[in-house]
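Summary of structural features
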Amino acid sequence: MSAPPAHEFAGEPTSPAAARSFAKKAVAALLAGAVPQSLCDDLELVVSELVTNAVRAGSPTIGVTVELVRGRVVVRVSDRAGGWPHERQSRLDDVGGRGLPLVSALSAAWGVQLADDGKVVWAELDVPSER
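Residues numbered from 1 in each chain as written. Predicted model: local features only at pLDDT ≥ 70, side-chain atom pairs only at ≥ 80, totals over all residues. Heavy atoms only, no water.

1. Section: the overall build of the chain
Per the secondary structure count, the chain includes three helices and five strands. Along the chain, helices and strands appear, N-terminal first, in the series β-α-α-β-β-α-β-β. Within the chain, buried positions represent 37% of all 131 residues. When the accessible surface of the chain is split by element, carbon and sulfur atoms take 51% of a total near 7300 Å². (Helix = DSSP H or I, 4+ residues; strand = E, 2+ residues; numbered from the N terminus. Buried < 20%, exposed > 50% of the residue type's maximum accessible area, 1.4 Å probe, protein only. Areas by Shrake-Rupley, 256 points an atom, 1.4 Å probe, with all protein chains shown as cover.)

Now the structure itself:
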């Protein structure tokens, strides 16, 4: 069994866009071709939110891993920043704070795990049957 596609990004404002591109290419390779548009849209948003959170938390590097597990795309975003992500309820006039609620709404499951030098936030996305 080969290792899942993984890439490390610098903790910079341009990293969410680069991570989205990486994740889309990785999923296309894992699914051997066409990726349903709904999965592509959800994947881009989830990856963008998780990587943006790591950048905002001040992680110097951010790892992104994408794999296919039991019919789901599993995205893992690792960082070396302090703190623990949690969903919060945003008010209408808040300019942020909606990332994890979006991840929760789009994912079949998500969570956080401690890692040796930080944490890993993961999300599972169902692969639509109409491929």
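2. A short note on the sheet that holds strand β3 (residues 72-79)
What the five strands build is an open sheet, ordered β1-β2-β3-β5-β4; its pairing is antiparallel. Both edges of this open sheet fall to β1 (6-10) and β4 (109-115), since each of them pairs with a single strand only. Strand-to-strand twist in this sheet, taken as the mean axis angle between neighbours without regard to direction, amounts to 20°. Bridging between strand β2 (residues 61-69) and β3 involves eight bridges; their strand directions are antiparallel. Within β3, the residue paired with V64 across the bridge is V77. Relative to β2, helix α1 (residues 15-30) is tilted by about 20°, and along the sheet it contacts β1, β2 and β3. (Pairing = 2+ DSSP bridges. Axes fitted to C-alpha atoms, helices over the stretch in contact; angles between N-to-C directions. Contact = heavy atoms within 4.5 Å.)

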